[in-house]
Amino acid sequence: MLPLPGLSLAAETQTFSSGTGQFKLQTVADNLEHPWSLAFLPDGSILVTERAGRLRVIQNGNLLPQAVPGLPSLAVSGQGGLFDVVLHPDFEENRTLFLSYAHSSSEGMTTRVARASFENGQLKNVNTIFEALPRSRTSRHFGGRMAFDTSGYLYISVGDRGDMDRAQDTKDDAGGVHRITVDGKPAPGNPGLDDPNINNTLFTWGNRNIQGMVLHPTTGDIWTHEHGPRGGDEINILEAGTNYGWPVITYGIDYSGLPISLKTEMKGMAQPLHYWDPSIAPSGMAFYTGSDFSEWQDNLFVGALKLRKLVRMAITNGQVTEEEDLLTGLGERIRDVRVGPGGNLWLLTDSPRGRVYQVVPVQ
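Residues numbered from 1 in each chain as written. Predicted model: local features only at pLDDT ≥ 70, side-chain atom pairs only at ≥ 80, totals over all residues. Heavy atoms only, no water.

Participant: Residues and numbers for the sheet that holds strand β20 (residues 282-287), please.
Facilitator: Read from one edge to the other, the open sheet built from 4 strands follows the order β20-β21-β22-β23, with strand pairing classed as antiparallel. In the strand order of this sheet, the two ends are held by β20 and β23 (319-326), each with one partner. Between one strand axis and the next, the sheet turns through 20° on average, direction left out of account. Two elements, strand β22 (residues 309-316) and β23, share 7 bridges in a ladder whose sense is antiparallel. Bridge pairing links A314 to E322 in β23. (Pairing = 2+ DSSP bridges. Helix = DSSP H or I, 4+ residues; strand = E, 2+ residues; numbered from the N terminus. Axes fitted to C-alpha atoms, helices over the stretch in contact; angles between N-to-C directions.)

Quick look at the structure:
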């Protein structure tokens, strides 16, 4: 691991152009080791996860030098490490948050979620509330994105773990989205509660590796995007009991260039709202709900790892009506995209010296 960084570079700004005007990218913190997720605290502080296994705090515009103590035991290997951090809907009252991460044992690796209290700068009362089974020996496709719906249920993505056929096995936790209560129990209405052939926390399946998940600000639906193989990255709207097709149907091909499936659609399997070919390797997503950029209102923003850009999308009646590539000159892998409490857009870059950026208007 790299040494913990010191002060941020909050004074550094860069100006970029969009079809709707110019905006600035302000560096809030830098020198983070593969930052993965952001969460905004009521006091104005920001939590940042580093995949290398640290939870950090940005306070008064500065990255604190000490990592938050009390993290659960986790494994940093391959694509595995510390992933998402999301706050309980009533965090201001109960100080509860949730962390997703990779965990290793003698039986292999898996995706876990822990619940904890964040008090006086440290984690307390840390308890594992979800574990995807069975474990496997691979260190890729953990998923790990989380989001709360309007009913207070927690959604957790688990990738296919590099074994594509697992995504079609509803008695296997891999390759799908799980919905649980804040105590880790299956959420009411889950399809497996009435079907013994479906694991009781599963909400959807046929998902390759979801890396973006967000609550739609108007409809209350949970939107996701997932990595395809070579082509076929998808945006989907989650519906209970839906099979999203991987690997039976796909708009991508194998990395070798050979086909994975000759079919792109099949009865009983959902079509994506949108897909990319070639792949952009999407990561992080947010609906813009701020006031600084009126032209962006309700637009969907998606980060791209492989193609190193930020994608802005206007969506009307379930159709993408406009798509614009932003930050193509930045040359950085965008890992997470969030909207802060003040309505600003925030970004994380994926690198050994990753950054926290805030998107601000040109005055």
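Still more to cover.
Participant: Break down the pattern of salt bridges for me, with residues and values.
Facilitator: Counted under the stated rule, the structure contains 18 salt bridges. Residue E50 pairs with R56 through a salt bridge whose shortest N-O separation is 3.2 Å. Look at E50 and you get buried, because its relative accessible area is 0%. Notably, a salt bridge pairs D183 with R115, separated by 3.1 Å at the nearest N-O pair. Pair noted here: D183 is in the loop between β13 (176-180) and β14 (202-205) and R115 is in strand β9 (residues 108-119), with a separation of 68 residues, a long-range link. What makes D183 exposed here is its relative accessible area of 52%. Among the charged side chains, a network of salt bridges with common partners joins E33, E50, R54 and R56. (Salt bridge = Lys/Arg side-chain N within 4 Å of Asp/Glu carboxyl O. Buried < 20%, exposed > 50% of the residue type's maximum accessible area, 1.4 Å probe, protein only.)

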